[in-house]
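The chain contents come next:
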Amino acid sequence: MELPSVPASVTTVITSGKLPPECAAFFTSGGALTDEADWSHVASAVDAYLASGGVDANVRGALALAGAYGRLDALEDCPEPDDMDEDNDRAVELLQAAEANGVDENETSELWWYSARMRSRAAELRDHLAEMDAYIEKHGATPWGRLEAKLGRAHDLYSAGDRAAALPLFREVAEISPWDSEFSGCFDRVDVGWCRLLHDAAHVDGPEAARKIWQEARAHYRAAKFPLTMHSWQLAEMLLPDIVEVIIYEWLEDAEEAGTSDVPVTEDEHRIFQLALAEIEGSRSVR
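Cut-offs and rules
- Residues numbered from 1 in each chain as written.
- Predicted model: local features only at pLDDT ≥ 70, side-chain atom pairs only at ≥ 80, totals over all residues.
- Heavy atoms only, no water.
- Helix = DSSP H or I, 4+ residues; strand = E, 2+ residues; numbered from the N terminus.
- Buried < 20%, exposed > 50% of the residue type's maximum accessible area, 1.4 Å probe, protein only.
- Salt bridge = Lys/Arg side-chain N within 4 Å of Asp/Glu carboxyl O.
- Arc of directions from axis to C-beta.
- Contact = heavy atoms within 4.5 Å.
- Expected span 1.5 Å × (residues − 1).
- Phe/Tyr/Trp six-rings, centres within 6.5 Å; stacked < 30°, edge-to-face > 60°.
- Polar contact = N/O pair within 3.5 Å; in protein donor to acceptor, adjacent residues only side chain to side chain.
- pLDDT = per-residue confidence, 0-100.
- Core = buried A, V, L, I, M, F, W, Y, C linked by side-chain atoms within 4.5 Å.

1. Topic: the environment of glutamate 172
In step 1: Note on placement: glutamate 172 falls in helix 8 (residues 163-174).
In step 2: Under the relative-accessibility criterion, glutamate 172 is labelled partly exposed at 41%.
In step 3: Along the sequence, glutamate 172 and lysine 150 sit 22 residues apart, while their C-alpha atoms lie 8.7 Å from each other.

Here is the structure:
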């Protein structure tokens, strides 16, 4: 849910030179926030200034609107529903003050809508947290924590040489639906399950077994990306050339979409990247 753009009267007062020094310090000469500031700083400064009294009536409405915008801007990243409601309540007071001091409703209407939507989101978050508390009370951990514990047991068994006991646990995690179950959203843990199965097959059972696991995993993900980028490097160092090629080029596409086309990003990734490219090129030369 995207916060509407900065209202025009706020932009105007920022660039007018009429901002009080306490607020003006957060903006560049061009009217943008400085690198060190965010809108929550502006909101706090506005609150302090309005509370001090003696505010120029010509800027009171625009300042109140700037403070409301700052309070609303903070809601997206607020992890606690009670804190969200507290900031939202203050935003509502400032929106009312802005309108009472001459700001047109055309400028406030989108912010009123955003405030209402974020209040609904806070209520949804409160319900979710209550459900999660009940879940933990029943199961002893969150869904993510339950999968992490099972992966930990499987890892310990595998490290101790008990492959027969470890692989079924890795598969239990891998085959859990991350789409429509209580484990919805636990993609990273499910991904680890498949990666461990793939790693084992490549090292123990050979190329065809690895390809079979690869096909299972890709089908399980319903066209979503497998493996997740953060796990792909570990796999790329030891898998088959045809699988490595898919992983590497998906990683490059992700980097380009994110605007980070300079790859790889760490020394270890650079080493693996060069190995993977050499493996791909080597496999092409013998086809």
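2. Structural notes on the pattern of salt bridges
For side chains of opposite charge, pairing can occur when their charged atoms come near one another.
In step 1: Across all of its chains, the model carries 19 salt bridges by this definition.
In step 2: One salt bridge connects glutamate 216 with arginine 171, and the closest N-O pair in it is separated by 3.1 Å. Placement of the pair is glutamate 216 in helix 10 (residues 207-220) and arginine 171 in helix 8, with a sequence separation of 45 residues.
In step 3: A relative accessible area of 25% means that glutamate 216 is categorised as partly exposed.
In step 4: Each member of the salt-bridge network shares a partner with another, and the members are Asp47, Arg71, Asp87, Arg90 and Glu93.

3. Considering helix 1 (residues 8-15)
In step 1: Every buried residue of helix 1 is accounted for by Ser9, Val10, Val13 and Ile14. Along the axis of helix 1, the buried residues cluster in a sector spanning 140°; they form a single face. In helix 1, the exposed positions that point more than 90 degrees away from the buried face belong to Ala8 and Thr12.
In step 2: Of the surrounding secondary structure, the elements contacted by the buried residues of helix 1 are helix 3 (39-52), helix 4 (57-73) and helix 6 (105-139).

4. Here we look at helix 3
In step 1: With 14 residues, helix 3 should cover 20 Å at 1.5 Å per step; its first-to-last C-alpha distance of 20 Å lies within 8% of that length.
In step 2: All of the buried residues in helix 3 are Trp39, Val42, Ala43, Ala45, Val46, Asp47, Tyr49 and Leu50.
In step 3: On the buried face of helix 3, the contacting elements are helix 1, helix 2 (21-24), helix 4 and helix 5 (81-100).

5. Points about the packing of aromatic side chains
For any two aromatic rings, the description comes down to two numbers: the centre-to-centre distance and the angle of the planes.
In step 1: One pass over the structure, following the stated rule, counts seven aromatic pairs.
In step 2: Note on tryptophan 179 and phenylalanine 187: the rings are 5.1 Å apart at their centroids and 90° apart in plane angle, and the pair reads as edge-to-face.
In step 3: We classify phenylalanine 187 as partly exposed; its relative accessible area is 22%.
In step 4: Aromatic side chains phenylalanine 187 and tyrosine 221 sit 5.8 Å apart centroid to centroid with 70° between the ring planes, which places their arrangement in the edge-to-face category. Remark: tyrosine 221 occurs in the loop between helix 10 and helix 11 (229-236) and phenylalanine 187 occurs in helix 9 (residues 187-205); sequence separation between them is 34 residues.
In step 5: Taking relative accessible area as the criterion, tyrosine 221 reaches 1% and is therefore assigned buried.
In step 6: Through pairs of rings, three or more aromatic residues link up here, namely Trp179, Phe187, Trp214, Tyr221 and Phe226.

6. What to know about the environment of serine 40
In step 1: Relative to the elements of secondary structure, serine 40 occurs in helix 3.
In step 2: With relative accessibility at 30%, the residue serine 40 sits in the partly exposed group.
In step 3: For the pair serine 40 and alanine 68, spaced 28 residues apart in the sequence, the C-alpha separation amounts to 9.8 Å.
In step 4: At 2.4 Å, the side chain of serine 40 and the side chain of aspartate 38 are in polar contact.

7. Here we look at the side chain of aspartate 85
In step 1: Secondary-structure assignment places aspartate 85 in helix 5.
In step 2: The class of aspartate 85 is buried, set by a relative accessible area of 18%.
In step 3: What aspartate 85 contacts, discounting residues up to four positions off in sequence, is Arg119, Ala122 and Arg126.

8. Focus on the side chain of serine 115
In step 1: Examined against the element boundaries, serine 115 turns out to sit in helix 6.
In step 2: In this view, serine 115 contacts Leu72, Asn88 and Val92; residues no more than four positions away in its chain are not counted.

9. Observations regarding the confidence of the model for the protein
In step 1: For the protein, per-residue confidence averages 86 on the pLDDT scale, and 90% of positions sit at 70 or higher.
In step 2: Taking the mean pLDDT of every element in the protein, the minimum, 68, falls on helix 13 (residues 267-285) and the maximum, 97, on helix 8.

10. Thoughts on the nonpolar core
General note: in soluble globular proteins, nonpolar side chains tend to be found buried as a group.
In step 1: Grouped together as the largest cluster of nonpolar side chains are 35 residues, with contacts concentrated most on Ile14, Leu19, Trp39, Leu63, Leu65, Leu72 and Leu111.
In step 2: Elements with a contribution of two residues or more to this core: helix 1, helix 3, helix 4, helix 5 and helix 6.
In step 3: When residues of this core are assigned to their parent elements, the largest contribution, nine residues, is made by helix 4.
In step 4: Among all residues touching leucine 111, those that are not within four sequence positions of it are Leu3, Pro4, Pro7, Leu65, Tyr69, Leu72 and Leu95.
In step 5: Ranked by size, the runner-up nonpolar core spans 29 residues in total, among them Val173, Val192, Trp214 and Leu235.

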